[in-house]
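For reference, the chains in residue letters:
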Amino acid sequence: MNNNVPLLETLQLALRTQQPGALCVAYSGGPDSTALLHALASLPEAHARGLRALHVDHGLHTESARWAAHCRAFCATLGVACDVRLAKVDRLAGIGLEAAARHARYAIFAEHLHANECLLLGHHQDDQVETVLLKLLRGAGPEGLGGMRAQRPLGRGMLWRPLLTLPRQVLCDYVDVHQLPCIHDPSNDDTRLARNHLRHDILPRLKAHWPQAVVSITHSALLCRAAADTLQQDWLVALEVLRDDTTNSLDACGWLALPSALRDPLLAHWLHAQGLPAPTTAQRQQIERQCTAQDGQLPCIQWPGAEVHVWKHRLWAMAPRRAAQTHAELQWQGEALQLPDGGLLTLEPTAQLPVMLNVRWRGGGERIKPTGDRYTRDLRSLFQTGAIPPWQRDACPLLYEGDELIAVADRWLSARAEAIFSEAEAQPCWMPGR
């Protein structure tokens, strides 16, 4: 059987039905992306749409530089431009090296995808089956059991998986027929990794007993995807009601009151939109239990790569914070000042202060008399009024003139600070980091 035809016909049909736009192949150098890129390069309609390749060098393997050179050379033989980008994999993210590498890779895809460009991935039917089984073993609902979407927005363009209906063997046969050079990543043989264990050990046994397993699992995934898309119409409406645009926080009690079929995917979507991983079932149940926390309680639910706080009856999500550090004093006269936590201190409108101020951070015992207040207040009491979330307080910039605290970021200003900013005809603006 000639398996060139199914691959080429699938791509030709996909290109005819896909909206106009440039094409970029996520090219790892492995067999799947090699077959996809080579087949597209044989189609004039793909070249007419500005076909190019994007290779991500994760820098995790001693051969990664050689792999990048291989990808450039192969693309040159096809007459296709190859853009190689070096990823910065956060090994300390707490989500595992494989997930951290994927996060870094997709961040590069999103950053370097052109406007209205399609990023094509070589994911196929067997990849989809592995994904669905992994989601099932992790207790996913309809959204997860629907598997990988064929298309979804990414950066300024669209992620596209045109080969999800084709078995892996079709791509392998294509590579063999054309004798295409491919990279073999030895990490794909490590069966200690969940996906590799499924691929090499579990799925062959399933297929031996249930030859129709791949087709049946794929069909179930389509049914789950249809159910998830129907539910999505309802939870997207709920998200608009529950989410505050200014803070991106969720109404905790309103979220808790939703049926679980809406509550779970809404939470996952809200987190993913912030670049954060979704919780496990146990972690999500912990969030649910903490939604009714009383004033004064500050629950924080953590898992690798994310944490959710319950504060002022709302849910707040963020990446895990680094351990508090002592930062050196900074000087500020109104210029845009980058803060140690990634935040920013500016003047609006842009201006220069008549005096140089010092920027420090909490050490304990600070006091200030806010303008219009009869009393001098300690910082701890002011923070407890709720103007600044607890997780931002250690990073809050304190403005000093000499040794006198005259302003707490842009939240509390003394009479002296009011006079200084009034003279500059501008006001301080603090944008906290993540």
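Rules of the game
- Residues numbered from 1 in each chain as written.
- Predicted model: local features only at pLDDT ≥ 70, side-chain atom pairs only at ≥ 80, totals over all residues.
- Heavy atoms only, no water.
- Pairing = 2+ DSSP bridges.
- Helix = DSSP H or I, 4+ residues; strand = E, 2+ residues; numbered from the N terminus.
- Buried < 20%, exposed > 50% of the residue type's maximum accessible area, 1.4 Å probe, protein only.
- Contact = heavy atoms within 4.5 Å.
- pLDDT = per-residue confidence, 0-100.
- Axes fitted to C-alpha atoms, helices over the stretch in contact; angles between N-to-C directions.

Just to check I follow, could you spell out the pairing of strand β17 (residues 398–401) for this structure?
One face of the sheet, then the other: side chains in a regular strand alternate in exactly this way. One ladder, built from 3 bridges, connects strand β14 (residues 357–360) with β17; its direction is antiparallel. Residue Val359 lies in a different strand from β17, and its bridge partner there is Leu399. Inspection of the sheet shows β17 paired to strand β18 (residues 404–408) by 4 bridges, in the antiparallel sense. Counted as the bridge partner of Leu398 is Val408 from β18. Adjacent in sequence and paired antiparallel, β17 and β18 are bridged by 2 residues, among which Gly402 carries a positive phi angle near 65°.

How do you make sense of the environment of Glu348 when you look at a structure like this?
Checked against the element boundaries, Glu348 lands in strand β13 (residues 344–348). What makes Glu348 partly exposed here is its relative accessible area of 47%. Taking C-alpha positions, Glu348 is 50 Å from Glu63, a pair spaced 285 residues apart along the chain. In contact with Glu348, other than residues within four places in its own chain, are Ala426, Gln427 and Cys429.

Any chance you could explain the confidence of the model for the protein here in plain terms?
Should pLDDT be low for a region, the predicted coordinates there are not to be read in detail. Per-residue confidence for the protein gives a mean pLDDT of 91, with 97% of residues at or over 70. Considering each helix and strand of the protein separately, the mean pLDDT is smallest for helix α14 (residues 379–387), with a value of 81, and largest for strand β1 (residues 23–26), with 98.

How do you make sense of the sheet that holds strand β4 (residues 118–120) when you look at a structure like this?
Within a sheet, neighbouring strands are paired by backbone hydrogen bonds and run either parallel or antiparallel to one another. With mixed pairing, 6 strands are arranged side by side in an open sheet as β3-β2-β1-β4-β6-β5. Two strands bound the open sheet, and with one partner strand each, they are β3 (81–86) and β5 (151–154). Taking each pair of neighbouring strands and ignoring which way they run, the sheet shows an average axis angle of 30°. Across 6 bridges, the pairing between strand β2 (residues 52–57) and β3 is parallel. What sits directly across from Leu54, in β3, is Asp83. Helix α2 (residues 31–41) contacts β1, β2 and β4 of the sheet and is inclined by roughly 155° relative to β1.

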